[in-house]
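Chains, contacts and geometry: an overview
Residue strings, one per chain:
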Amino acid sequence: MVKTIEDGPSILYIDKHFIHEVTSPQAFKGLEQRGLPVFRPEQIVATADHNVPTQNQHLPIKEALSRLQVDTLDRNCKKFGIELYGLGHPYQGIVHVIGPEMGFTQPGMTIVCGDSHTSTHGAFGTIAFGIGTSEVEMVMATQCLMQTKPRLMRINVEGKLHPGVLSKDIILYIIAKISASGATGYAVEYAGSAIRNLSMEARMTICNMSIEMGARCGMIAPDEITFEYMKGRKYVPKDENWNKSLAYWKTLFTDQGAEFDAELNIDASEIEPMITYGTNPGMGIGISGHVPNLRDVDEKEKHSFEKSLQYMGLEPGMGIKGKKVDYIFIGSCTNSRIEDLRLVAEFVKGKQKAKDVEVWIVPGSKQVEKQAQAEGIDKIFEAAGFILRQPGCSACLGMNEDKIPAGKYCISTSNRNFEGRQGPNARTFLTSPLTAAAAAITGRVTDVRELI
C-alpha cells in the first residue's frame, strides 16, 4: 500500500504487470502522447497470445488485424525497453500460463494485466486482478494503481471429490450455485480440504474463473504444494534468497477467526462432472441433470433465459447428455497446462476420436508444448486423431483464426460461453478436460464416469 485516501480509493504498488497485444496499444500510445517513459520496464512481462495463430507460427499471420496487433506489441516493447516473449520465443505462451511456469508469479505479490482472467495468479496467494486499458497506462507510467477495497468472501470446499470430477467442475458448480454475478464486489478466498488437496495447476483453474461469478479476484493461501511447484523455476529466488522468501511466504495465510462479509460451504461429494447449457458460466448443471424448466426460473430472468436457450438450440427441461457435438477445444488460460494434457492423454490412449468430431488441443505455452512432446503425449493425441496445435488463446475467443463455425456445438475447456465468444453464432458447452475428452471419443455429451 502506497497511500490510503480517506473515504476514497487506496493507491497500490504493483509488483508485476503482465501485458499482451490486445489491451496494450492504446496504453503505449497514451504514454507517447504525454511524453512519458515506462516507469519500471523490468516489472513488465509481455507476450503475444490472443491474436496468434496456433498452426504455422513461423509464417506471417494471415488475419490483417491480428498481424497488426502482434506487430504493434513488438514495436512498442522495443521502443520502451520491455522484454517480449513473442512468436518464436521459447517462453511464448498465454500470459496467465507463462507467469506461473516461469516463476514470475510469487506469493504476496500484487499482479495486474489488461485481461479479466488475471485472477489465475491468485492460486499462489497473490492479489491479482484484471484492469482496463487506461489503468494499463497508469501502471506503465507509475507502477501504481488506485483501487477501492473489495468486500471479502470465503468459499470452503470440504471432503473428497469423486473419480472423474476435476477442479473445473468445482468452479463451475460454485458459479452455477451463486450465479454469474454472485460474487460481484468481492475478493474471494477458496479454502477447505478439497482445495488444499488440489495441485497448483488445478488451483489455477479455480482462481482463473473467479471473474466469471463477478469477483474482483480469487486466491488460495500458499502452502507446501505451492512451494514445491515453485522451486527451481527460472525467476524464483535462489539459494539464500529462496530461504528468505520462503520464510515470508509461509506467513501468508488467513488468521484464525478472521471475519468475512460472506461465507459459502460446499460438500465436495455433491459435485459431479459439470456442463453449461446457456450463454453465461452461471448457467450450468451436473452432467446427469436437466436444463431448468421455465417455471423454476426467476421472473426477472425468464427473457434472458429463453433467449439463451434459443441461441443454444435447447429446450427447458431437456437433458444435455447424449447431445451430438461438432468440435472439442481443450486449451485456454483455464485448462491448457501440462497436467490437463496428461489427464486427457491418459484417458484417450488406445482410443479413437469420433469420426465427425474435430478436436483441437492447444498447449498454453511453448514450454507446455515441448514437455508434451518430450513425454510422447503428442503421439498419443496423433494416434487418437486429435490435433496438437501451437500455443495461444485459440478458440477460447473469436479473435484469431481458430473460430468455431456458426451453429456448431463445441465442448470447450475455456472460461466463457457468451454468444459469439468462440465465433459468430458458435454454441459453447463449458466442461472439464476429462468431460471434453469423453465427448471427443463418443461424439456426444458424455458422463466420463461411465468410461473410467
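The shown structure was predicted, so the numbers you read here are calculated from the model rather than taken from an experiment. (Residues numbered from 1 in each chain as written. Predicted model: local features only at pLDDT ≥ 70, side-chain atom pairs only at ≥ 80, totals over all residues. Heavy atoms only, no water.)

**Focus: the overall build of the protein chain**
- Each helix and strand in the protein chain was counted, giving 14 helices and 19 strands.
- Expected size for 452 residues packed as a compact globule is a radius of gyration near 22 Å; at 21 Å, the protein chain falls within 12% of this value.
- C-alpha atoms of the protein chain, sized along the principal axes, occupy 55 × 55 × 45 Å.
- By the burial criterion, 58% of the 452 residues in the protein chain qualify as buried.
- Nonlocal contacts in the protein chain, meaning residues at least 24 apart in sequence, comprise 76% of its contacts between residues at least 6 apart.
- As displayed, the protein chain offers around 18,600 Å² of accessible surface, 51% of which is attributable to carbon and sulfur atoms. (Helix = DSSP H or I, 4+ residues; strand = E, 2+ residues; numbered from the N terminus. Rg over C-alpha atoms; globule rule 2.2 N^0.38 Å. Buried < 20%, exposed > 50% of the residue type's maximum accessible area, 1.4 Å probe, protein only. Contact = heavy atoms within 4.5 Å. Areas by Shrake-Rupley, 256 points an atom, 1.4 Å probe, with all protein chains shown as cover.)

**Considering the pattern of salt bridges**
- Following the criterion strictly, the structure yields 20 salt bridges and no others.
- Taking the shortest distance from any N to any O, the salt bridge between Lys307 and Glu419 comes out at 2.8 Å. Placement of the pair is Lys307 in helix α10 (residues 302–312) and Glu419 in the loop between β18 (409–412) and β19 (427–430), with a sequence separation of 112 residues.
- With a shortest N-O distance of 3.3 Å, Asp356 and Lys324 are connected by a salt bridge. Of this pair, Asp356 sits in the loop between α11 (338–348) and β16 (358–361) while Lys324 sits in the loop between α10 and β15 (327–330), and the two are 32 residues apart along the sequence.
- Note on Lys324: relative accessible area 34%, which makes it partly exposed.
- Here the salt bridges do not stand alone but share partners, grouping Glu272, Asp447 and Arg449 into one network. (Salt bridge = Lys/Arg side-chain N within 4 Å of Asp/Glu carboxyl O.)

**Concerning the packing of helix α1 (residues 25–34) against helix α4 (residues 133–142)**
- Close contact between α1 and α4 brings their axes to 8 Å; oriented N to C, the two are set at 55°. Here α4 runs oblique to α1, going by the angle between their axes. Considering the relative orientation of α1 and α4, their crossing is right-handed. From α1, Gln26, Ala27, Phe28, Gly30, Leu31 and Arg34 reach across to α4, where they touch Thr133, Val136, Glu137, Met140 and Ala141.
- Looking at the contact of α1 with α4 residue by residue, the classes come out as 6 nonpolar, 3 polar and 2 charged. (Axes fitted to C-alpha atoms, helices over the stretch in contact; angles between N-to-C directions. Parallel < 35°, antiparallel > 145°, perpendicular 65-115°, else oblique. Left-handed = near helix turned anticlockwise from the far one by under 90°. Nonpolar A, V, L, I, M, F, W, Y, C, P; charged D, E, K, R; others polar.)

**Considerations on the sheet that holds strand β4 (residues 44–47)**
- Strand order in the open sheet made by the 5 strands is β5-β4-β3-β6-β7, with parallel pairing throughout. Among the strands making up the open sheet, the edge pair consists of β5 (84–85) and β7 (127–130).
- Strand direction decides the pairing type here: β4 and β5, joined by 2 bridges, are parallel. If you follow Thr47 over to β5, its bridge partner there is Tyr85.
- Against the sheet, α4 touches β3 (16–19), β4 and β6 (110–113), its axis set at about 130° to β3. (Pairing = 2+ DSSP bridges.)

**Observations regarding the packing of aromatic side chains**
- With the rule as written, the count across this model stands at 11 aromatic pairs.
- Between Phe381 and Phe386, the ring centres sit 5.9 Å apart and the planes meet at 25°, which makes this aromatic pair stacked.
- The structure contains a cluster of three or more aromatic residues connected by ring pairs, namely Tyr85, Tyr91, Phe104 and Tyr235.
- The positively charged end of Arg389 is found above the aromatic ring belonging to Trp360, 4.6 Å away from the centroid. (Phe/Tyr/Trp six-rings, centres within 6.5 Å; stacked < 30°, edge-to-face > 60°. Lys NZ or Arg CZ within 6 Å of the ring centre and 35° of its normal.)

**Some details on a nonpolar patch on the surface**
- Taken together, the side chains of Ile5, Met138 and Met146 present a nonpolar region at the surface, about 230 Å² in accessible area.
- On the secondary structure map, Met146 appears in strand β8 (residues 144–147).
- Owing to a relative accessible area of 44%, Met146 belongs among the partly exposed residues under this scheme. (Patch = residues over 30% accessible without salt bridge, like charges linked within 9 Å, V, L, I, M, F, W, Y side chains within 5 Å.)

**Points about helix α9 (residues 239–249)**
- Those residues of α9 lying buried are Trp242, Ser245, Leu246 and Trp249. In a view along the axis of α9, the buried residues occupy a sector of 105°, so they form one face of it.
- Considering only its buried residues, α9 is in contact with α8 (224–230). (Arc of directions from axis to C-beta.)

**Notes on the nonpolar core**
- The biggest cluster of nonpolar side chains holds 60 residues, and the ones touching the most others in it are Ile328, Val348, Phe386 and Phe429.
- Breaking this core down by element, the ones donating at least two residues are α10, β15, α11, β16, α12 (366–374), α13 (377–384), β18 and α14 (433–442).
- Of the residues forming this core, the biggest block, 7 residues, is contributed by α14.
- Those residues in contact with Phe429, other than ones at most four positions away along the chain, are Ile275, Thr276, Met312, Leu314, Ile320, Lys323, Val325, Tyr409, Cys410, Ile411, Ser412 and Val445. (Core = buried A, V, L, I, M, F, W, Y, C linked by side-chain atoms within 4.5 Å.)

**Thoughts on the sheet that holds strand β9 (residues 151–158)**
- Across the sheet, which stays open at both edges, the 4 strands sit in the order β11-β10-β9-β12 with parallel pairing between neighbours. Strands with a single pairing partner mark the edges of an open sheet, and in this sheet they are β11 (217–219) and β12 (262–267). Ignoring which end each strand starts from, the neighbouring axes of this sheet average 20° apart.
- Pairing analysis gives 6 bridges linking β9 to strand β10 (residues 186–191), with the strands arranged parallel. In the strand pairing of β10, Arg151 is matched with Tyr186.
- Contacting β9, β10 and β12, helix α5 (residues 167–178) crosses the sheet at an angle of about 125° to β12.

**Side note on the layout of surface pockets**
- Each pocket or cavity is described by its volume, and for the largest pocket that value is around 860 Å³.
- Ile127, Leu152, Ala187, Cys217 and Met219 are the residues nearest the centre of the largest pocket, which is lined by 32 residues in total.
- Within the residue set of the lining of the largest pocket, elements represented by two or more residues are β2 (10–13), β7, β9, β10 and β11.
- Among the residues making up the lining of the largest pocket, the classes are represented as 20 nonpolar, 8 polar and 4 charged. (1 Å grid on protein atoms, 1.4 Å probe; cavity = no way out; pocket = protein on both sides within 12 Å on 5 of 7 lines; lining within 4 Å. Points joined across faces, edges and corners; volume = space filled by probe spheres on them.)

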